[in-house]
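Here are the chains, one letter per residue:
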Amino acid sequence: MTEPKRAPGGFPVVGVVGGGQLARMMQGPAIELGIQLSVLAEDAHAAAALAIPSAPVGEHTDVAALRSFAAACDVVTFDHEHVPQAVLGALEAEGVVMHPRPAALRHAQDKLVMRRRLTGLGIACPRWTVARTADELAGFADEVGWPVVAKTPRGGYDGKGVLLVHSVGDAAEWLARVGGPGPLEEGVLVEEHVDFVRELAALVARSPSGQAAAWPVVETVQTDGICTEVLAPAPGLDPDLAAVATEAALRIAGELDVTGVLAVEMFEVRAGGSPGYVVNELAMRPHNSGHWSMDGAVTGQFEQHLRAVLDLPLGDPRPRAPWTVMANVLGGEDASLYPAYRHIMARDPGAKIHVYGKGVRPSRKIGHVNVSSDDLAAARARAGHAADYLRGTVHE
Ligand code: ADP
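To start, this report covers the structure provided alongside it. All residue numbers refer to position in the chain's written sequence, counted from 1. Reporting in this predicted model follows two pLDDT cut-offs: at least 70 for local features of residues, and 80 or more for side-chain atom pairs to be given and counted; totals over whole chains, interfaces and linings ignore these cut-offs and use all residues. As a rule here, side-chain values cover all heavy atoms of the structure and leave hydrogens and water aside.

Examining empty space enclosed by the protein
Empty space among the atoms can be located by rolling a probe the size of a water molecule over them.
Move 1: In this analysis the probe radius is 1.4 Å and the grid spacing 1 Å, with only protein atoms considered; a cavity is a set of points the probe fits into but cannot get out of, a pocket is an open set with protein on both sides within 12 Å along at least five of seven lines, and lining residues have an atom within 4 Å of a point. Grid points are joined across faces, edges and corners, and a volume is the space filled by probe spheres set on the points. If you walk through the whole model with that rule in mind, you get one cavity of 30 Å³ or more.
Move 2: Each pocket or cavity is described by its volume, and for the largest cavity that value is around 30 Å³.
Move 3: Forming the walls of the largest cavity are I344, R347, D348, R382, H385 and A386.
Move 4: Starting at the N terminus, helices and strands are each numbered in turn, a helix being any DSSP run of H or I of at least four residues and a strand any DSSP run of E of at least two. Of all the secondary-structure elements, those providing two or more residues to the lining of the largest cavity are α11 (341–347) and α12 (376–391).
Move 5: The dominant element in the lining of the largest cavity, judged by the number of residues it contributes, is α12, at three residues.
Move 6: Each residue is assigned to one of three groups, with Ala, Val, Leu, Ile, Met, Phe, Trp, Tyr, Cys and Pro labelled nonpolar, Asp, Glu, Lys and Arg labelled charged, and all others, Gly among them, labelled polar. Each residue belonging to the lining of the largest cavity can be placed in one class, and the counts come to two nonpolar, one polar and three charged.

Written out as C-alpha coordinates, the structure is:
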(Lines give C-alpha, C1' and ligand atoms only; values in the text may rest on other atoms or scores of the structure.)
Protein backbone atom coordinates (compact mmCIF):
# COMPACT_ATOMS: atom_id res chain seq x y z
CA MET A 1 0.00 0.00 0.00
CA THR A 2 1.46 3.38 -0.95
CA GLU A 3 1.66 5.88 1.86
CA PRO A 4 0.37 9.36 1.11
CA LYS A 5 3.28 11.73 0.47
CA ARG A 6 3.34 14.44 3.11
CA ALA A 7 3.54 17.99 1.85
CA PRO A 8 5.98 20.37 3.54
CA GLY A 9 4.34 22.53 6.17
CA GLY A 10 3.26 20.01 8.81
CA PHE A 11 -0.12 19.34 7.26
CA PRO A 12 -2.02 16.31 8.54
CA VAL A 13 -3.38 13.42 6.51
CA VAL A 14 -7.10 12.77 6.92
CA GLY A 15 -8.12 9.25 5.93
CA VAL A 16 -11.65 8.70 4.67
CA VAL A 17 -13.04 5.18 4.64
CA GLY A 18 -15.23 4.76 1.58
CA GLY A 19 -14.71 6.25 -1.85
CA GLY A 20 -18.12 7.76 -2.52
CA GLN A 21 -19.16 11.28 -3.35
CA LEU A 22 -18.86 12.55 0.22
CA ALA A 23 -15.16 11.71 0.37
CA ARG A 24 -14.77 13.24 -3.08
CA MET A 25 -16.45 16.49 -2.03
CA MET A 26 -14.03 16.83 0.91
CA GLN A 27 -11.18 17.13 -1.57
CA GLY A 28 -12.00 20.70 -2.69
CA PRO A 29 -11.75 22.26 0.78
CA ALA A 30 -8.88 19.91 1.70
CA ILE A 31 -6.83 21.21 -1.23
CA GLU A 32 -7.61 24.81 -0.30
CA LEU A 33 -6.49 24.25 3.28
CA GLY A 34 -3.46 22.19 2.30
CA ILE A 35 -4.82 19.21 4.20
CA GLN A 36 -4.09 15.88 2.58
CA LEU A 37 -6.80 13.36 2.04
CA SER A 38 -6.32 9.68 1.58
CA VAL A 39 -9.27 7.48 0.77
CA LEU A 40 -9.79 3.77 1.29
CA ALA A 41 -11.80 3.09 -1.83
CA GLU A 42 -13.84 0.04 -2.73
CA ASP A 43 -12.36 0.12 -6.22
CA ALA A 44 -9.98 2.22 -8.27
CA HIS A 45 -12.86 3.88 -10.14
CA ALA A 46 -14.84 4.95 -7.07
CA ALA A 47 -15.97 8.60 -7.17
CA ALA A 48 -13.35 9.74 -4.63
CA ALA A 49 -10.55 7.58 -6.03
CA LEU A 50 -10.85 9.51 -9.30
CA ALA A 51 -10.25 12.81 -7.47
CA ILE A 52 -7.81 11.93 -4.66
CA PRO A 53 -4.31 10.74 -5.57
CA SER A 54 -3.85 8.65 -2.44
CA ALA A 55 -6.61 6.06 -2.85
CA PRO A 56 -5.61 2.57 -1.82
CA VAL A 57 -8.22 -0.04 -2.69
CA GLY A 58 -9.61 -2.13 0.15
CA GLU A 59 -12.79 -3.39 1.75
CA HIS A 60 -14.20 -1.46 4.69
CA THR A 61 -14.92 -4.78 6.42
CA ASP A 62 -11.26 -5.91 6.25
CA VAL A 63 -9.42 -5.11 9.51
CA ALA A 64 -5.99 -5.62 7.95
CA ALA A 65 -6.79 -3.24 5.08
CA LEU A 66 -8.10 -0.61 7.49
CA ARG A 67 -5.14 -1.04 9.81
CA SER A 68 -2.54 -0.39 7.13
CA PHE A 69 -4.65 2.45 5.71
CA ALA A 70 -4.96 4.09 9.13
CA ALA A 71 -1.23 3.73 9.80
CA ALA A 72 -0.56 6.41 7.17
CA CYS A 73 -3.25 8.82 8.46
CA ASP A 74 -3.42 11.22 11.39
CA VAL A 75 -7.16 10.81 11.76
CA VAL A 76 -9.69 8.52 10.12
CA THR A 77 -13.24 9.50 9.21
CA PHE A 78 -15.98 7.96 7.11
CA ASP A 79 -17.86 8.39 3.86
CA HIS A 80 -20.59 5.98 5.04
CA GLU A 81 -21.62 4.19 8.22
CA HIS A 82 -21.02 0.59 7.15
CA VAL A 83 -17.74 -0.24 8.89
CA PRO A 84 -18.68 -2.99 11.37
CA GLN A 85 -18.32 -2.20 15.07
CA ALA A 86 -15.99 -5.21 15.52
CA VAL A 87 -13.59 -3.66 12.98
CA LEU A 88 -13.88 -0.19 14.52
CA GLY A 89 -13.33 -1.62 17.99
CA ALA A 90 -10.17 -3.43 16.90
CA LEU A 91 -8.74 -0.26 15.38
CA GLU A 92 -9.65 1.83 18.40
CA ALA A 93 -7.94 -0.66 20.70
CA GLU A 94 -4.80 -0.23 18.60
CA GLY A 95 -4.89 3.53 19.08
CA VAL A 96 -6.30 4.63 15.71
CA VAL A 97 -7.85 8.08 16.04
CA MET A 98 -11.33 8.05 14.50
CA HIS A 99 -13.95 10.78 14.24
CA PRO A 100 -16.74 10.06 14.79
CA ARG A 101 -15.65 7.52 17.39
CA PRO A 102 -17.19 4.03 17.24
CA ALA A 103 -19.30 4.58 20.38
CA ALA A 104 -20.98 7.55 18.73
CA LEU A 105 -21.18 6.04 15.25
CA ARG A 106 -23.21 3.06 16.56
CA HIS A 107 -26.21 5.36 16.80
CA ALA A 108 -26.06 6.09 13.09
CA GLN A 109 -25.46 2.43 12.20
CA ASP A 110 -28.30 0.84 14.06
CA LYS A 111 -31.77 2.36 14.23
CA LEU A 112 -32.71 0.37 17.34
CA VAL A 113 -29.65 1.60 19.21
CA MET A 114 -30.50 5.13 18.07
CA ARG A 115 -34.17 4.93 19.14
CA ARG A 116 -33.28 3.52 22.57
CA ARG A 117 -30.71 6.22 23.19
CA LEU A 118 -32.78 9.16 21.97
CA THR A 119 -35.80 7.96 23.92
CA GLY A 120 -33.57 7.70 27.01
CA LEU A 121 -32.49 11.30 26.47
CA GLY A 122 -36.10 12.43 26.22
CA ILE A 123 -35.74 13.51 22.56
CA ALA A 124 -39.06 13.44 20.72
CA CYS A 125 -39.29 10.33 18.48
CA PRO A 126 -42.18 8.54 16.76
CA ARG A 127 -43.75 5.92 19.06
CA TRP A 128 -41.78 2.74 18.41
CA THR A 129 -41.22 -0.86 19.39
CA VAL A 130 -39.10 -3.87 18.51
CA ALA A 131 -40.94 -6.71 16.76
CA ARG A 132 -39.66 -10.22 16.13
CA THR A 133 -42.85 -11.64 14.62
CA ALA A 134 -45.77 -10.40 12.53
CA ASP A 135 -48.03 -10.83 15.57
CA GLU A 136 -45.85 -8.57 17.70
CA LEU A 137 -45.89 -6.00 14.92
CA ALA A 138 -49.68 -6.27 14.63
CA GLY A 139 -50.08 -5.85 18.38
CA PHE A 140 -48.19 -2.55 18.23
CA ALA A 141 -50.10 -1.41 15.13
CA ASP A 142 -53.43 -2.13 16.85
CA GLU A 143 -52.27 0.15 19.65
CA VAL A 144 -50.91 3.11 17.64
CA GLY A 145 -53.04 2.66 14.51
CA TRP A 146 -52.38 1.10 11.11
CA PRO A 147 -50.38 1.49 8.96
CA VAL A 148 -47.02 1.38 10.73
CA VAL A 149 -43.49 1.76 9.40
CA ALA A 150 -41.12 -1.21 9.74
CA LYS A 151 -37.38 -0.74 9.39
CA THR A 152 -34.41 -3.07 9.38
CA PRO A 153 -32.09 -1.74 12.10
CA ARG A 154 -29.01 -1.78 9.87
CA GLY A 155 -28.00 -1.37 6.27
CA GLY A 156 -30.88 0.75 4.93
CA TYR A 157 -30.47 3.91 2.89
CA ASP A 158 -32.68 5.99 0.60
CA GLY A 159 -35.77 4.19 1.92
CA LYS A 160 -34.41 0.69 1.27
CA GLY A 161 -35.08 -1.39 4.35
CA VAL A 162 -38.19 0.68 5.17
CA LEU A 163 -41.73 -0.61 4.60
CA LEU A 164 -45.14 0.89 5.18
CA VAL A 165 -47.05 -2.03 6.66
CA HIS A 166 -50.83 -2.11 6.16
CA SER A 167 -51.67 -5.62 7.37
CA VAL A 168 -50.41 -8.67 9.26
CA GLY A 169 -49.97 -10.32 5.85
CA ASP A 170 -47.66 -7.50 4.63
CA ALA A 171 -45.69 -7.80 7.84
CA ALA A 172 -45.25 -11.57 7.64
CA GLU A 173 -44.09 -11.39 4.03
CA TRP A 174 -41.61 -8.56 4.69
CA LEU A 175 -40.21 -10.14 7.86
CA ALA A 176 -39.62 -13.38 5.96
CA ARG A 177 -37.86 -11.43 3.20
CA VAL A 178 -35.57 -9.46 5.52
CA GLY A 179 -34.97 -12.15 8.12
CA GLY A 180 -35.83 -15.58 6.74
CA PRO A 181 -38.37 -17.95 8.25
CA GLY A 182 -39.20 -17.93 11.96
CA PRO A 183 -38.99 -15.15 14.55
CA LEU A 184 -36.15 -12.71 14.08
CA GLU A 185 -33.45 -12.96 16.69
CA GLU A 186 -32.91 -9.25 17.12
CA GLY A 187 -36.15 -7.94 15.68
CA VAL A 188 -36.98 -4.96 13.51
CA LEU A 189 -37.84 -1.41 14.46
CA VAL A 190 -41.52 -0.64 14.10
CA GLU A 191 -42.75 2.95 14.31
CA GLU A 192 -46.05 4.71 14.19
CA HIS A 193 -46.68 6.23 10.77
CA VAL A 194 -46.11 9.92 11.45
CA ASP A 195 -48.56 12.22 9.73
CA PHE A 196 -45.92 14.85 9.17
CA VAL A 197 -46.25 18.32 7.68
CA ARG A 198 -42.85 18.05 5.99
CA GLU A 199 -39.34 16.69 6.54
CA LEU A 200 -36.64 18.82 8.12
CA ALA A 201 -32.97 18.35 8.84
CA ALA A 202 -30.86 20.01 11.51
CA LEU A 203 -27.19 19.87 10.61
CA VAL A 204 -24.50 20.60 13.15
CA ALA A 205 -20.78 20.01 13.51
CA ARG A 206 -18.94 19.27 16.73
CA SER A 207 -15.24 19.00 17.41
CA PRO A 208 -13.48 16.68 19.90
CA SER A 209 -12.90 19.62 22.22
CA GLY A 210 -16.62 20.27 22.26
CA GLN A 211 -17.02 23.33 20.04
CA ALA A 212 -20.20 23.10 17.99
CA ALA A 213 -21.76 25.03 15.12
CA ALA A 214 -25.22 24.74 13.60
CA TRP A 215 -26.44 25.55 10.11
CA PRO A 216 -30.03 26.76 9.78
CA VAL A 217 -32.67 24.01 9.83
CA VAL A 218 -33.56 23.01 6.25
CA GLU A 219 -36.54 21.38 4.55
CA THR A 220 -35.81 18.18 2.65
CA VAL A 221 -38.17 17.13 -0.12
CA GLN A 222 -38.32 13.42 -0.95
CA THR A 223 -39.63 11.85 -4.13
CA ASP A 224 -40.18 8.07 -4.08
CA GLY A 225 -38.12 7.82 -0.88
CA ILE A 226 -35.14 9.72 -2.34
CA CYS A 227 -34.21 13.25 -1.30
CA THR A 228 -34.60 15.37 -4.43
CA GLU A 229 -34.55 18.93 -3.12
CA VAL A 230 -33.34 20.84 -0.05
CA LEU A 231 -34.57 24.33 0.85
CA ALA A 232 -32.27 26.32 3.11
CA PRO A 233 -33.49 27.59 5.44
CA ALA A 234 -36.81 25.70 5.76
CA PRO A 235 -39.38 28.20 4.40
CA GLY A 236 -41.82 29.62 6.92
CA LEU A 237 -40.39 27.58 9.78
CA ASP A 238 -41.69 28.75 13.13
CA PRO A 239 -38.71 30.45 14.83
CA ASP A 240 -39.39 28.65 18.11
CA LEU A 241 -39.44 25.32 16.32
CA ALA A 242 -36.21 26.22 14.50
CA ALA A 243 -34.62 27.00 17.87
CA VAL A 244 -35.76 23.81 19.63
CA ALA A 245 -34.85 21.62 16.65
CA THR A 246 -31.35 23.13 16.55
CA GLU A 247 -31.04 22.77 20.30
CA ALA A 248 -32.05 19.09 20.04
CA ALA A 249 -29.42 18.46 17.35
CA LEU A 250 -26.72 20.16 19.44
CA ARG A 251 -27.81 18.22 22.50
CA ILE A 252 -27.68 14.91 20.60
CA ALA A 253 -24.21 15.81 19.31
CA GLY A 254 -23.04 16.55 22.85
CA GLU A 255 -24.70 13.61 24.63
CA LEU A 256 -23.58 11.07 22.03
CA ASP A 257 -20.14 12.68 21.84
CA VAL A 258 -20.43 13.06 18.08
CA THR A 259 -17.35 14.44 16.34
CA GLY A 260 -17.60 15.78 12.79
CA VAL A 261 -20.85 16.62 11.02
CA LEU A 262 -24.13 15.28 12.43
CA ALA A 263 -27.36 15.38 10.45
CA VAL A 264 -30.56 14.96 12.44
CA GLU A 265 -33.44 14.11 10.11
CA MET A 266 -36.77 15.18 11.55
CA PHE A 267 -40.46 15.28 10.77
CA GLU A 268 -42.33 18.51 11.39
CA VAL A 269 -45.60 17.72 13.10
CA ARG A 270 -48.57 19.63 14.49
CA ALA A 271 -48.68 18.80 18.16
CA GLY A 272 -52.02 20.00 19.53
CA GLY A 273 -52.13 22.79 16.94
CA SER A 274 -48.61 24.09 17.50
CA PRO A 275 -45.58 23.15 15.42
CA GLY A 276 -43.31 20.43 16.77
CA TYR A 277 -40.87 17.81 15.59
CA VAL A 278 -39.95 14.18 16.03
CA VAL A 279 -36.54 12.79 15.12
CA ASN A 280 -36.45 10.27 12.29
CA GLU A 281 -32.79 9.35 12.04
CA LEU A 282 -29.16 10.37 12.43
CA ALA A 283 -26.20 10.48 10.06
CA MET A 284 -22.68 11.16 11.34
CA ARG A 285 -20.94 12.53 8.27
CA PRO A 286 -21.58 15.26 5.75
CA HIS A 287 -25.11 14.66 4.50
CA ASN A 288 -27.24 15.33 1.45
CA SER A 289 -29.25 17.84 3.49
CA GLY A 290 -26.07 19.92 3.84
CA HIS A 291 -24.92 20.05 0.21
CA TRP A 292 -26.51 23.50 -0.11
CA SER A 293 -23.88 24.82 2.31
CA MET A 294 -21.04 24.25 -0.20
CA ASP A 295 -22.17 27.41 -2.00
CA GLY A 296 -24.81 28.82 0.33
CA ALA A 297 -23.00 29.15 3.67
CA VAL A 298 -19.85 30.91 4.81
CA THR A 299 -18.49 27.48 5.75
CA GLY A 300 -19.66 24.45 3.83
CA GLN A 301 -20.18 21.09 5.48
CA PHE A 302 -17.15 19.43 3.89
CA GLU A 303 -14.74 22.07 5.13
CA GLN A 304 -16.46 22.01 8.51
CA HIS A 305 -16.18 18.25 8.77
CA LEU A 306 -12.42 18.47 8.11
CA ARG A 307 -12.03 21.22 10.70
CA ALA A 308 -14.04 19.21 13.22
CA VAL A 309 -12.24 15.89 12.80
CA LEU A 310 -8.89 17.71 13.08
CA ASP A 311 -10.11 19.57 16.17
CA LEU A 312 -9.52 22.93 14.49
CA PRO A 313 -11.75 25.90 15.36
CA LEU A 314 -15.00 25.63 13.42
CA GLY A 315 -16.01 27.98 10.62
CA ASP A 316 -18.99 30.30 10.46
CA PRO A 317 -22.06 28.30 9.38
CA ARG A 318 -24.24 31.30 8.50
CA PRO A 319 -25.95 31.47 5.10
CA ARG A 320 -24.57 33.79 2.44
CA ALA A 321 -27.98 34.43 0.87
CA PRO A 322 -31.60 34.54 2.04
CA TRP A 323 -32.29 31.23 0.25
CA THR A 324 -30.23 28.44 -1.18
CA VAL A 325 -31.94 25.57 -2.98
CA MET A 326 -30.19 22.31 -3.69
CA ALA A 327 -31.62 20.00 -6.34
CA ASN A 328 -30.19 16.50 -6.62
CA VAL A 329 -29.28 15.30 -10.09
CA LEU A 330 -30.55 11.77 -10.55
CA GLY A 331 -29.30 9.51 -13.30
CA GLY A 332 -31.40 9.38 -16.46
CA GLU A 333 -31.20 7.38 -19.67
CA ASP A 334 -28.22 9.20 -21.14
CA ALA A 335 -24.84 8.30 -19.65
CA SER A 336 -23.08 11.48 -20.77
CA LEU A 337 -23.52 14.61 -18.67
CA TYR A 338 -21.00 17.03 -20.06
CA PRO A 339 -22.95 17.88 -23.25
CA ALA A 340 -25.63 19.42 -21.01
CA TYR A 341 -23.20 21.93 -19.50
CA ARG A 342 -23.19 24.37 -22.41
CA HIS A 343 -26.93 24.89 -22.25
CA ILE A 344 -27.26 25.04 -18.45
CA MET A 345 -24.32 27.35 -17.96
CA ALA A 346 -25.52 29.71 -20.70
CA ARG A 347 -29.07 29.71 -19.39
CA ASP A 348 -28.16 30.28 -15.73
CA PRO A 349 -24.68 31.61 -14.92
CA GLY A 350 -25.57 31.61 -11.19
CA ALA A 351 -26.31 27.87 -10.95
CA LYS A 352 -23.52 25.94 -9.22
CA ILE A 353 -23.12 22.44 -10.64
CA HIS A 354 -21.53 19.60 -8.69
CA VAL A 355 -21.06 16.18 -10.24
CA TYR A 356 -19.69 13.11 -8.51
CA GLY A 357 -17.84 11.21 -11.23
CA LYS A 358 -20.16 8.26 -10.76
CA GLY A 359 -21.56 6.04 -13.48
CA VAL A 360 -25.04 7.14 -14.58
CA ARG A 361 -27.79 4.73 -13.53
CA PRO A 362 -31.48 5.60 -13.48
CA SER A 363 -32.41 7.36 -10.20
CA ARG A 364 -28.87 7.15 -8.78
CA LYS A 365 -27.67 10.41 -7.15
CA ILE A 366 -24.92 11.55 -9.51
CA GLY A 367 -24.66 15.24 -8.66
CA HIS A 368 -26.49 18.29 -7.41
CA VAL A 369 -27.10 21.91 -8.32
CA ASN A 370 -27.15 24.80 -5.86
CA VAL A 371 -28.84 28.12 -6.53
CA SER A 372 -28.77 31.03 -4.06
CA SER A 373 -31.22 33.89 -4.37
CA ASP A 374 -33.41 36.32 -2.49
CA ASP A 375 -36.37 34.77 -4.33
CA LEU A 376 -37.18 31.25 -3.12
CA ALA A 377 -39.57 30.32 -5.94
CA ALA A 378 -37.05 31.44 -8.56
CA ALA A 379 -34.24 29.52 -6.87
CA ARG A 380 -36.35 26.34 -6.82
CA ALA A 381 -37.25 26.71 -10.47
CA ARG A 382 -33.65 27.38 -11.51
CA ALA A 383 -32.05 24.57 -9.49
CA GLY A 384 -34.79 22.15 -10.52
CA HIS A 385 -34.42 23.06 -14.17
CA ALA A 386 -30.66 22.53 -14.20
CA ALA A 387 -31.00 19.18 -12.40
CA ASP A 388 -33.76 18.03 -14.76
CA TYR A 389 -31.78 19.11 -17.81
CA LEU A 390 -28.77 17.13 -16.61
CA ARG A 391 -31.02 14.14 -16.04
CA GLY A 392 -32.48 14.54 -19.49
CA THR A 393 -36.10 14.99 -18.46
CA VAL A 394 -36.32 18.53 -19.90
CA HIS A 395 -34.74 19.55 -23.18
CA GLU A 396 -34.80 23.34 -23.28
P1 ADP B 1 -33.36 5.42 5.25
O2 ADP B 1 -32.42 4.97 6.33
O3 ADP B 1 -33.50 4.39 4.17
O4 ADP B 1 -33.10 6.80 4.75
P5 ADP B 1 -35.57 6.49 6.81
O6 ADP B 1 -35.77 5.97 8.17
O7 ADP B 1 -34.97 7.85 6.67
O8 ADP B 1 -34.78 5.41 5.94
O9 ADP B 1 -36.95 6.50 6.04
C10 ADP B 1 -37.06 6.88 4.68
C11 ADP B 1 -38.29 7.73 4.46
O12 ADP B 1 -39.47 7.02 4.86
C13 ADP B 1 -38.31 9.00 5.31
O14 ADP B 1 -37.58 10.03 4.69
C15 ADP B 1 -39.80 9.28 5.39
O16 ADP B 1 -40.26 9.91 4.20
C17 ADP B 1 -40.40 7.89 5.47
N18 ADP B 1 -40.57 7.49 6.89
C19 ADP B 1 -39.67 6.89 7.67
N20 ADP B 1 -40.14 6.68 8.92
C21 ADP B 1 -41.40 7.15 8.94
C22 ADP B 1 -42.43 7.24 9.94
N23 ADP B 1 -42.27 6.74 11.16
N24 ADP B 1 -43.60 7.82 9.58
C25 ADP B 1 -43.79 8.31 8.33
N26 ADP B 1 -42.88 8.25 7.35
C27 ADP B 1 -41.68 7.69 7.64
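Continuing now.
A short note on the side chain of H368
Move 1: Along the polypeptide, H368 turns up in strand β16 (residues 365–373).
Move 2: Exposure classes here rest on a 1.4 Å probe applied to the protein chains alone. A residue is buried below 20% of its type maximum, exposed above 50%, and partly exposed in between. Under the relative-accessibility criterion, H368 is labelled buried at 0%.
Move 3: Distance and chemistry together define a polar contact, namely a pair of N or O atoms within 3.5 Å, with one atom able to donate a hydrogen and the other to accept it when in protein, and with adjacent residues in sequence counting only for side-chain atoms on both sides. A distance of 2.6 Å separates the side chain of H368 from the side chain of Y356, its partner in a polar contact.

Comments concerning the packing of helix α1 (residues 21–33) against helix α10 (residues 301–309)
Move 1: For the pair α1 and α10, the least separation of the axes is 8 Å and the interaxial angle reads 75°. Between α1 and α10, the crossing angle belongs to the class labelled roughly perpendicular. Together, L22, M25, M26, P29, A30 and L33 of α1 and F302, E303, H305 and L306 of α10 make up the contact between the two elements.
Move 2: Classifying every residue of the contact of α1 with α10 gives eight nonpolar, one polar and one charged. Axes, fitted as lines to C-alpha atoms, cover a helix only where it is in contact. Angles between the N-to-C directions of the axes lie from 0 to 180 degrees. Here is the rule for angles: anything less than 35 degrees is roughly parallel, anything more than 145 is roughly antiparallel, 65 through 115 is roughly perpendicular, and the remaining ranges are oblique. In this description, contact between two residues means that some pair of their heavy atoms is separated by no more than 4.5 Å.

Considerations on the packing of helix α2 (residues 63–71) against helix α3 (residues 85–93)
Move 1: Two numbers describe how α2 lies on α3: the axes approach to 10 Å, and their chain directions differ by 40°. Taken together, the axes of α2 and α3 lie oblique to each other. Like other packed secondary-structure pairs, α2 and α3 cross with a definite hand, here right-handed. Taking contact as the criterion, the partners of V63, L66 and R67 in α2 are, on α3, V87, A90 and L91. For a crossing to be left-handed, the near helix must be turned anticlockwise from the far one by less than a right angle; the clockwise case is right-handed.

Quick word on unusual backbone geometry
Move 1: Cis geometry is found at the peptide bond from H99 to P100, where omega equals 0°.
Move 2: Inspection of the secondary structure assignment puts P100 in the loop between α3 and α4 (102–109).
Move 3: Backbone torsion omega between W146 and P147 reads -10°, so that peptide bond is classified as cis.
Move 4: One can find P147 in the loop between α6 (134–144) and β5 (148–151).
Move 5: Its identity as a non-glycine residue notwithstanding, S363 has a phi of 70°, on the positive side.

Topic: the sheet that holds strand β4 (residues 128–131)
Move 1: The four strands are arranged β4-β7-β5-β6 in an open sheet whose pairing can be described as antiparallel. The open sheet has two edge strands with one neighbour each: β4 and β6 (162–165). If you compare each strand with its neighbour and ignore which way they point, the axes differ by 30° on average.
Move 2: By the convention used here, strands pair only if DSSP detects at least 2 bridges between them. When β4 meets strand β7 (residues 188–192), the two strands line up antiparallel, connected through four bridges. Note that in β7 the partner of W128 across the bridge is E191.
Move 3: In this fold helix α7 (residues 168–179) packs onto β5, β6 and β7, with an angle of close to 160° to the strand it touches most, β6.

Digging into the nonpolar core
Move 1: Among the nonpolar cores identified, the biggest contains 44 residues, and L118, I252, L262, M266, V279, L282 and M284 are the most heavily contacted of them.
Move 2: A per-element tally of this core places helix α8 (residues 239–255) first, with six residues.
Move 3: In this structure, V279 is in contact with R115, L118, I123, A124, C125, P126, I252, V264, E265 and M266, ignoring residues within four places of it in sequence.
Move 4: Within the second largest apolar cluster, 22 residues are counted, among which are M26, I35, F302 and V309. Put simply, buried Ala, Val, Leu, Ile, Met, Phe, Trp, Tyr and Cys residues joined by side-chain atoms within 4.5 Å make one nonpolar core.

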